[in-house]
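These are the residues of each chain, in order.
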Amino acid sequence: MGIYTTPTVFLSDISCKYVFVNEPKSWRDAQTYCRLHHTELVSVRNEEENLQIRQLIPAGHFAYIGLFKDEYIWSDNSTSAFRNWDPDQPDGSGECVVQQLRDSRLWDDQTCSAQKPFFCSACV
Ligand SMILES: [Ca+2]
């Protein structure tokens, strides 16, 4: 069905892995998909995790992570303060956060209804 996952990375401290879902969905539909099939849209807690996610993403466009809205709440209600914004972002162009899959792979706020691939966490 056009869904394929890249090799996943197990985190050292908790039993979660990252799953890249290359099936474009809106942020809300992506959240629903992750909760149904995995655990959550991914939260990024530090640079190490950000680097791990980077390794999973092929060249392309953008993919959703679990961060959303102006006050920036994580989908799983975790409290990570880690941010990896592009220097000229966020610019108020949307309320959901994507990770760019090109060059810098920094973060950008974009409209939540745009259909994009996304990252789930899968925890056991
Ligand atoms: Ca933006």
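For the structure, see preceding data.
Quantities reported herein were computed from a predicted structural model and do not represent experimental measurements.

Conventions and cut-offs
- Residues numbered from 1 in each chain as written.
- Predicted model: local features only at pLDDT ≥ 70, side-chain atom pairs only at ≥ 80, totals over all residues.
- Helix = DSSP H or I, 4+ residues; strand = E, 2+ residues; numbered from the N terminus.
- Contact = placed C-beta atoms within 7 Å.
- Core = buried A, V, L, I, M, F, W, Y, C linked by C-beta atoms within 7 Å.
- Buried ≥ 20, exposed ≤ 12 C-beta atoms within 10 Å, placed from the backbone.
- Arc of directions from axis to C-beta.
- Pairing = 2+ DSSP bridges.

(A) Quick look at the overall build of the protein chain. Per the secondary structure count, the protein chain includes 2 helices and 7 strands. Secondary structure of the protein chain in N-to-C order comes out as β-α-β-α-β-β-β-β-β. The long-range fraction of contacts in the protein chain, counting pairs at least 24 apart against all pairs at least 6 apart in sequence, stands at 63%.

(B) Highlighting the nonpolar core. Counting 27 residues, the largest nonpolar core has L41, Y64 and F119 as its most contacted members. Contributing elements (two or more residues each) for this core: β1 (16-25), α1 (27-37), β3 (62-68), β5 (96-100) and β7 (116-123). With 6 residues, β3 is the largest single contributor of residues to this core. With residues near it in sequence (within four places) discarded, F119 still touches Y18, V19, F20, L41, V42, I53, A63 and I65.

(C) Focus on α1. Taken as a whole, α1 has its buried residues at W27, A30, Q31 and C34. Viewed end-on, α1 has its buried residues packed into an arc of 100°, placing them on one side of the element. Turned more than 90 degrees away from the buried face of α1 sit L36 and H37, all of them exposed. Close packing links the buried residues of α1 with β1, β2 (40-41), β3, β5 and β7.

(D) Spatial organisation of the pairing of β3. The element β3 is extensively covered by neighbouring structure, given that 7 of its 7 residues are classed as buried. As paired elements, β3 and β5 share 4 bridges and run antiparallel to each other. Residue pairing for β5: Y64 is matched across the bridge by V98. Two strands pair when backbone bridges link them, and β3 and strand β4 (residues 73-74) are joined in this way by 2 bridges, in the antiparallel orientation. Counted as the bridge partner of L67 is W74 from β4.

(E) Region of the structure containing unusual backbone geometry. For the peptide bond that leads from Q89 to P90, omega is -5°, which places it in the cis range. The residue P90 is located in the loop between β4 and β5 in this model. We note that N77 has phi near 65°; this positive angle belongs to a residue other than glycine.

(F) A look at the environment of I53. Mapped onto the elements of the fold, I53 is located in helix α2 (residues 47-56). As a C-alpha pair, I53 and V19 span 34 residues in sequence and 8.9 Å in three-dimensional space. Discounting chain neighbours no more than four positions away, the residues touching I53 are Y18, V42, V44, Q99 and F119.

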